[in-house]
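Chain by chain, the residues:
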Amino acid sequence: MLYLKFLIILLSLSGFAYGDISIFKPTFPDMKNNKAPSQQHQIEKLPAAILSNQVSIDAYIAAIPSPFDDTGFYKDYSACNNDNLQQVKCQFNYKLSATEAKNFKIILLPGIGAALMPKTWQIIHIDMGPSGIASTVLASPNKDEAITIYNSSACVGCAMHNASLYFPKVRKLSLDNEFGAIEDKNHLLNIVKANKNKVYFSYQTPNSPNKTHGIAYYADESDGNDVTNFQEIKVTLKPEHQTWARDILNFYQATH
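Residues numbered from 1 in each chain as written. Predicted model: local features only at pLDDT ≥ 70, side-chain atom pairs only at ≥ 80, totals over all residues. Heavy atoms only, no water.

Peer 1: Give me the side chain of Thr212: which residues, what numbers.
Peer 2: Its place among the elements puts Thr212 in strand β14 (residues 211-219). According to the relative accessible area criterion, Thr212 is buried, its value standing at 0%. Within the local environment of Thr212, its side chain forms a polar contact with the side chain of Thr236, the two groups lying 2.3 Å apart. (Helix = DSSP H or I, 4+ residues; strand = E, 2+ residues; numbered from the N terminus. Buried < 20%, exposed > 50% of the residue type's maximum accessible area, 1.4 Å probe, protein only. Polar contact = N/O pair within 3.5 Å; in protein donor to acceptor, adjacent residues only side chain to side chain.)

Right under this line is the structure:
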């Protein structure tokens, strides 16, 4: 299992205007006006999930007001690959020791899939649009540590614009198509290419002990995909919790 060594503070990718180049600036999610749990989502406990080494771990599913119609709340069980929703039993190809598993829980998120998060953390924000674009912010009780996840779904402009920060070839495409781009003009990011579709990135925030690990994915039709897609996960943790980042990110890699 790949051990991720590269660190970053949470990045805010601003909305784009056609043709614009915005400068990358590190920031942390604004949680001052958010209260957890939010009234806009519901959490349901599932039977314990089973990992590949037969260790069990607490599992939950988040439900949000349906982005598709007015039929109520929407849940996404697809990460469990289970056709019988009355007897959901999630299994994941990832290993944690029984001791390590006690520090975490798994949450199924609409439009995102399964995520591993520290056991005491809560969902601060979760959203999914009719087109499938999804995002979430998960945070510690004191809201000083966080995980953010973003999935562009099939929004080509969203995917290219956000990916332009990490993938040089996409930057030109995004600008050529007038989707704008994001530039690391001040060389704040440390980016390591894993393969043509995936990078690890890192950043140390000035005047802060917290560090963040991140992974970004980009794929389009040239890679044999049906849709152009960008996904990003970022994990900001205190120094004493840095070892958690390895499992949070590697679990995401193993299940997406």
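Peer 1: Describe the pairing of strand β13 (residues 198-204), naming the residues involved and giving the relevant values.
Peer 2: Here β13 lies mainly inside the structure; six of its seven residues are buried. Taken together, the five bridges between strand β12 (residues 190-195) and β13 define a ladder with antiparallel strand orientation. Opposite Val192, over in β13, you have Tyr200 as the bridge partner. As consecutive antiparallel partners, β12 and β13 are separated by two residues. One ladder, built from seven bridges, connects β13 with β14; its direction is antiparallel. In the sheet register, Tyr203 faces β14, and the bridge partner there is Thr212. (Pairing = 2+ DSSP bridges.)

Peer 1: Break down the environment of Asp69 for me, citing the residues and quoting the values.
Peer 2: In this structure, Asp69 sits in the loop between β3 (56-65) and β4 (73-74). Among the residues examined, Asp69 registers a relative accessible area of 38% and is labelled partly exposed. The sequence separation of Asp69 and Pro130 amounts to 61 residues, and the corresponding C-alpha distance is 8.9 Å. Polar contacts involving the side chain of Asp69 include one to the side chain of Ser66, which spans 3.2 Å.

Peer 1: Run through the pairing of β3, naming residues and quoting values.
Peer 2: Relative to β3, strand β2 (residues 42-51) runs antiparallel, the two being bridged by seven bridges. Paired with Lys45 across the bridge in β3 is Tyr60. In this structure, the hairpin formed by β2 and β3 is closed by a connection of four residues, where Gln54 is found at a positive phi of approximately 70°. Here β3 pairs with strand β6 (residues 104-109) via three bridges, running parallel. In the sheet register, Ala59 faces β6, and the bridge partner there is Ile106.

Peer 1: Residues and numbers for the sheet that holds β12, please.
Peer 2: Pairing in this open sheet of seven strands is antiparallel, and the strands run β8-β9-β10-β15-β14-β13-β12 from one edge to the other. Edge positions in the sheet fall to β8 (122-128) and β12, since each of these pairs with one other strand and no more. Within this sheet the neighbouring strands show an average axis-to-axis angle of 10°, counted without direction. Where strand β10 (residues 146-151) lies against strand β15 (residues 229-237), six bridges are found, and the strand directions are antiparallel. Bridging from a neighbouring strand, Asn151 pairs with Gln231 of β15. Along the sheet, helix α2 (residues 156-163) contacts β10, β14 and β15; its crossing angle with β15, the most-contacted strand, is approximately 45°. The strands touched by helix α4 (residues 242-255) are β10, β13, β14 and β15; relative to β15, the strand with the most contacts, the crossing angle is about 165°. (Axes fitted to C-alpha atoms, helices over the stretch in contact; angles between N-to-C directions. Contact = heavy atoms within 4.5 Å.)

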